[in-house]
Amino acid sequence: MTEQAFFILTALVGAPRHGYGIVGEVAGLSGGRVRLKVGTLYGVLDRLAGDGLVELDREEVEQGRLRRYYRLTDSGGAALTAEAQRQAANARAASDRLHGWRPAGQGGVS
Amino acid sequence: MSDLESRYRSVLRLLPLSYREKWADDMVTTFLDSTLPEELEEAEYVAEFGRPGRAEVASVVALAVRLRFAGSAGPARYSAWGGAVRLAALAGLLVNAVSGVIGVELLYWADGRVPWLGTPPVRQLGGPAQATWALSGLLWTFAFLLLLNGHRRAARIAAGLGLVRGLYAAVAAMIDSVSTGAPLFFFSHWLELAVSALVVLLLSAFHSDAEPVRPRWWLVALAAAVVLNPMPPLMAFARPDFTVPLDWTGLCCLALAAGGVAYLAMPSWRTPSRTLALALLSAGALVLRLALLLDFATFSGRMDLGGATLPVFGIEAVLVLAVGVTAGMLASRAVRPLGVR
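Residues numbered from 1 in each chain as written. Chains lettered and ligands numbered in written order. Predicted model: local features only at pLDDT ≥ 70, side-chain atom pairs only at ≥ 80, totals over all residues.

Chemist: Can you help me understand the overall build of chain B in this one?
Modeler: Within chain B, the regular secondary structure consists of 14 helices and 0 strands. Order of helices (α) and strands (β) in chain B, N terminus to C terminus: α-α-α-α-α-α-α-α-α-α-α-α-α-α. Of all 341 residues assigned to chain B, the portion counted as buried reaches 35%. Long-range pairs, those at least 24 residues apart, make up 74% of the contacts in chain B between residues at least 6 apart in sequence. (Helix = DSSP H or I, 4+ residues; strand = E, 2+ residues; numbered from the N terminus. Buried ≥ 20, exposed ≤ 12 C-beta atoms within 10 Å, placed from the backbone. Contact = placed C-beta atoms within 7 Å.)

Written out as structure tokens, the structure is:
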């Protein structure tokens, strides 16, 4: 799973969101590091929808413009859970190693 | 519809129709939401005079490339185009990769280190500047090998540097022609550069959805070209007692025509992607062949070309054209009925 897909799925946890809402949520979740452009967002959304991980929640017309809201499916939730656990396990393994390690310059063994 | 929306929708036309029908309205809403300022007067100004930013346009272009040159999981027609473009780009890169190796071989030959090829006509070719120049031709070879190993971005960078090298050669040739009055191979230099630029552009079809390249046969092709070494025939034909001229482009045209005829004669080998790639490659080879023909036609009165040169080049062009047109017609018939959803 790409980082963009991971953040988009995370942005949809708990509440359906429209495109601009996802862009803002992803920027917030990533601390401003991942700023989705529209072409990128819809490329990933199309793939996630094709894989059944997200689906259309509802459509609204606001100021004459169509606004679609997307929500996470059960499969999307399961895929995100699996990916989050994988990343957490990776982070835990690195943290465990780093815990008892000091850089060579600080008296540790390189 | 505001001017800004109209401009953004014109960018979205790069995307396939089936994709636009599904996503375009929502994309426009999200784009306007993220672009228009909250303050009303400012928003009206941006809506009238604003343009989609480069990053937004680039993201749509990247999406269009990924969709139109799809991997095998995409719609059949876009998958066929994707396969064809990747095949043509790889073959184009292979030609430049072999050309880079030949450049180094020529350097060794000019330095007298390949005695079985005979005495080089110009010994001083092997100076440091020429050595650097010949070695820089290996950028294409590196790009080819990097792509085969899955380093797509690095391959694009190496090929881009190879393109800069070609640009330098074209500009240097123009300056040299102006200052010394030497014949300027204008069409050859610039059209060769344009075809190489197209190859580099087509490398963008190797995106994350595309299947990884199977390197084995491409490595065999490169190794065969290096081992079989196209220099001896080129050198032999360049000797004064031979009257039939053969150059690198001619050799490529003949190889493509022979391979193309063999491929077209075997219906069981044919796939829409391969046939389309053959048509694309034939078009590229024809452009390069016609370029040198145009150059020769331009200064035929000032140079002794030998009586056979233009007819031989003409025959090569006709052969490639015949293969290209046949492949194009077959590809059109094979690709048109394929679905786009």
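Chemist: Looking at this model, I keep getting lost on the overall build of chain A. Mind explaining?
Modeler: The number of helices and strands found in chain A is 4 helices and 3 strands. Along chain A, helices (α) and strands (β) appear in the sequence α-β-α-α-β-β-α when read from the amino end. Taken against the 2.2 N^0.38 rule, which gives 13 Å for 110 residues, the C-alpha radius of gyration of chain A at 18 Å runs more than 25% over that of a compact globule. In terms of overall dimensions, chain A has C-alpha extents of about 65 × 25 × 20 Å along its principal axes. Within the span of chain A, comprising 110 residues, buried residues form 28% of the whole. (Rg over C-alpha atoms; globule rule 2.2 N^0.38 Å.)

Chemist: Explanation requested: the nonpolar core in the structure shown.
Modeler: One recurring pattern in soluble globular proteins: nonpolar side chains tend to sit buried together. In this structure, A:Ile8, B:Ala88, B:Leu93 and B:Phe144 are the most contacted members of the largest nonpolar core, which totals 103 residues. Broken down by element, this core gets its largest block of residues, 21 residues, from helix α5 (residues 76-110) of chain B. Filtering out sequence-adjacent residues up to four positions away, B:Ala88 remains in contact with B:Leu202, B:Ala277, B:Leu280 and B:Leu281. (Core = buried A, V, L, I, M, F, W, Y, C linked by C-beta atoms within 7 Å.)

Chemist: Please explain the environment of B:Ala197 as it appears in this structure.
Modeler: Inspection of the secondary structure assignment puts B:Ala197 in helix α9 (residues 186-202). The spacing of B:Ala197 and B:Ala84 is 113 residues in sequence and 17 Å in space, taken between C-alpha atoms.

Chemist: I keep staring at the pairing of strand β3 (residues 65-72) of chain A and nothing clicks. Help me out?
Modeler: If a strand is regular, its side chains alternate between the two faces of the sheet. Residue and element names in this part refer to chain A. As judged from the 2 bridges shared by strand β1 (residues 17-18) and β3, these two strands associate in the antiparallel manner. The residue bridging Arg 17 from the neighbouring strand is Tyr 70, located in β3. Here strand β2 (residues 54-62) folds back onto β3, and the loop between the two strands holds 2 residues, one of which, Gln 63, carries a positive phi near 50°. (Pairing = 2+ DSSP bridges.)

Chemist: Whenever I open this one, the packing of helix α1 (residues 3-12) of chain B against helix α2 (residues 17-35) of chain B confuses me. Can you help?
Modeler: Residue and element names in this part refer to chain B. In the contact formed by α1 and α2, the axes pass within 10 Å of each other and the chain directions differ by 140°. On the basis of the axis angle, α1 is oblique to α2. The handedness of the crossing between α1 and α2 is right-handed. Residues Leu 4, Glu 5, Tyr 8, Arg 9 and Leu 12 of α1 lie in contact with α2, whose contacting residues are Arg 20, Ala 24, Met 27, Val 28, Phe 31, Leu 32 and Thr 35. The class makeup of the residues in the contact of α1 with α2 is 8 nonpolar, 1 polar and 3 charged. (Axes fitted to C-alpha atoms, helices over the stretch in contact; angles between N-to-C directions. Parallel < 35°, antiparallel > 145°, perpendicular 65-115°, else oblique. Left-handed = near helix turned anticlockwise from the far one by under 90°. Nonpolar A, V, L, I, M, F, W, Y, C, P; charged D, E, K, R; others polar.)

Chemist: It is not clear to me how the sheet that holds β1(A) should be interpreted in this structure. Could you clarify?
Modeler: Within a sheet, adjacent strands bond to each other through the backbone by hydrogen bonds, running parallel or antiparallel. Residue and element names in this part refer to chain A. Overall, antiparallel pairing links the 3 strands, which are arranged β1-β3-β2 in an open sheet. Taken across any chain shown, the strands that pair with only one partner, and hence form the sheet edges, are β1 and β2. Both β2 and β3 contribute to a ladder of 8 bridges, which runs antiparallel. Bridge pairing in β3 places Glu 55 opposite Arg 71.

Chemist: I keep staring at the interface of chain A and chain B and nothing clicks. Help me out?
Modeler: The extent of an interface is frequently quoted as the accessible surface area lost upon association of the parts. Counting residues at the interface gives 15 residues for chain A, matched by 16 residues for chain B. For the side of chain A that touches chain B, the leading source of residues is helix α3 (residues 38-50) of chain A, giving 7 residues. Class assignment for the residues of the side of chain A that touches chain B results in 6 nonpolar, 4 polar and 5 charged.

Chemist: What is the right way to read the packing of helix α13 (residues 272-298) of chain B against helix α14 (residues 309-335) of chain B from this model?
Modeler: Any two packed helices are characterised by the angle at which their axes cross and by the distance between the axes. Residue and element names in this part refer to chain B. Interaxial distance between α13 and α14 falls to 8 Å at its minimum, and their mutual angle equals 155°. One way to sum up the angle between α13 and α14 is to call them roughly antiparallel. By crossing handedness, the relation of α13 to α14 is classed as left-handed.

Chemist: Before we go on, may I ask you to explain the environment of A:Ala5 in this structure?
Modeler: On the secondary structure map, A:Ala5 appears in helix α1 (residues 3-11). Linking A:Ala5 and A:Val61, residues 56 residues apart in sequence, is a C-alpha distance of 26 Å.

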